[in-house]
Amino acid sequence: MDLDVLFTPSCVGELDIRGWRCAVVDVLRATSTMVTALASGAAAVYPCVAIAEAKEGVAGYSRDSGLLGGEERGEMIPGFDLGNSPLEYLDGRVVGGKAIFSYTTNGTGAIRVAHGGSGVPVYVASLLNLSAVASAMLEDAGASPPRGLAVICAGRYGRPCPEDIFCAGLIVEKLAGVSGERGERPHLRDGAQIAAGLAAAGESHSLDVLTSSEHGRFLESIGFAEDLKFASRVDEYPIAPVFDGERVVLGRLDA
Ligand code: MLT
């Protein structure tokens, strides 16, 4: 079985991933924030590809059941309830039971592209939940073997970013390690090999990887240094959220 890492969503168009089991990563910060929101009790996150789409979506909800969250140039969007800092989504009194309509520059679109390309539900991954996602992907692959496995990076303005590839590499290590023990070692395609190399180089230095990246430095420059510290935590949450084509929820791919 092939295992690959796609460095940007545009790579989805170049590789036929129909029927592949995929996870999407946007460490800074979209997927880290979605994972945190769901771990804090949010009912669902709706990844939107436009601010107008998010506003339309939340219109069907009362103030007690729906929230607008997201960013433009790293800052909260005027008129939204929350920005895109994972720290804003830690409080269950704020997000508990709520449907969150989220728009971000790269991450929300990447989730939609990944689902469009694979045609099946995709996992939402970050450093915060990488082992849970790797285990869920392997379990699914054991139950009904897909054509391949892939981690799709959101990147930054269409370009690769090290923090996403680093996280993808750690997931590749988990997938290859566990399936290797079972004698089913996947075939690591070039993207997976490059990502695994970056992961090996930066292992246990996740914060350094985030603070040395362009987006990490940008976020620090506008006052979000604490977001990098939080998003750099590995396996903070044992959850594997799934985007089913409409919303991101906690649950099984095959549910
Ligand atoms: C993105 O989607 O580009 C990021 O999540 C933006 C951010 O939160 O800084």
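That block above? That's the structure.
Notes on the structure follow. Nothing here was measured: the structure is a model prediction, and the numbers come from that model.

Things to note about the pattern of salt bridges
Tallied over the entire structure, the rule returns 11 salt bridges. Among the ionic pairs, R112 bridges to E53, the shortest N-O distance being 2.7 Å. Remark: E53 occurs in helix α2 (residues 51-58) and R112 occurs in helix α4 (residues 107-118); sequence separation between them is 59 residues. In this structure E53 comes out as partly exposed when scored by relative accessible area, which is 25%.

Description of the nonpolar core
It is characteristic of soluble globular proteins that their nonpolar side chains tend to be buried jointly. Core analysis: the biggest nonpolar cluster contains 42 residues, and V5, V27, Y123, L127, I171 and L210 have the highest contact counts within it. At 9 residues, helix α6 (residues 162-181) tops the list of elements feeding residues into this core. In contact with L210, other than residues within four places in its own chain, are V27, L28, L127, E163, G216, L228, A231 and S232. One finds C22, A37, A110 and A114 within the second-largest nonpolar core, a separate group that totals 32 residues.

Quick look at the environment of L67
With respect to the helices, strands and loops of the structure, L67 is situated in strand β4 (residues 66-72). A relative accessible area of 8% means that L67 is categorised as buried. For the pair L67 and F80, spaced 13 residues apart in sequence, the C-alpha to C-alpha distance is 7.8 Å. Apart from residues lying up to four places away in sequence, L67 is in contact with V58, D81, L82, V94, V95, K98, A99, I100 and F101.

With respect to helix α5 (residues 130-143)
Given a rise of 1.5 Å per residue, 14 residues ought to cover 20 Å, and the 20 Å separating the end C-alpha atoms of α5 matches this to within 8%. The buried fraction of α5 amounts to 10 of the 14 residues, a majority that puts the element mostly inside the structure.

Here's the deal with empty space enclosed by the protein
A complete count under the given rule lists 2 cavities of 30 Å³ or more for this structure. In this structure, the largest cavity encloses a volume near 150 Å³. Contributing to the lining of the largest cavity are 19 residues, with L28, E71, T105, N106 and H215 lying nearest its centre. Taken together, the residues of the lining of the largest cavity break down into 5 nonpolar, 8 polar and 6 charged. Taken as a whole, the second largest cavity holds about 50 Å³ of empty space.

Definitions and cut-offs
Residues numbered from 1 in each chain as written. Predicted model: local features only at pLDDT ≥ 70, side-chain atom pairs only at ≥ 80, totals over all residues. Heavy atoms only, no water. Salt bridge = Lys/Arg side-chain N within 4 Å of Asp/Glu carboxyl O. Helix = DSSP H or I, 4+ residues; strand = E, 2+ residues; numbered from the N terminus. Buried < 20%, exposed > 50% of the residue type's maximum accessible area, 1.4 Å probe, protein only. Core = buried A, V, L, I, M, F, W, Y, C linked by side-chain atoms within 4.5 Å. Contact = heavy atoms within 4.5 Å. Expected span 1.5 Å × (residues − 1). 1 Å grid on protein atoms, 1.4 Å probe; cavity = no way out; pocket = protein on both sides within 12 Å on 5 of 7 lines; lining within 4 Å. Points joined across faces, edges and corners; volume = space filled by probe spheres on them. Nonpolar A, V, L, I, M, F, W, Y, C, P; charged D, E, K, R; others polar.

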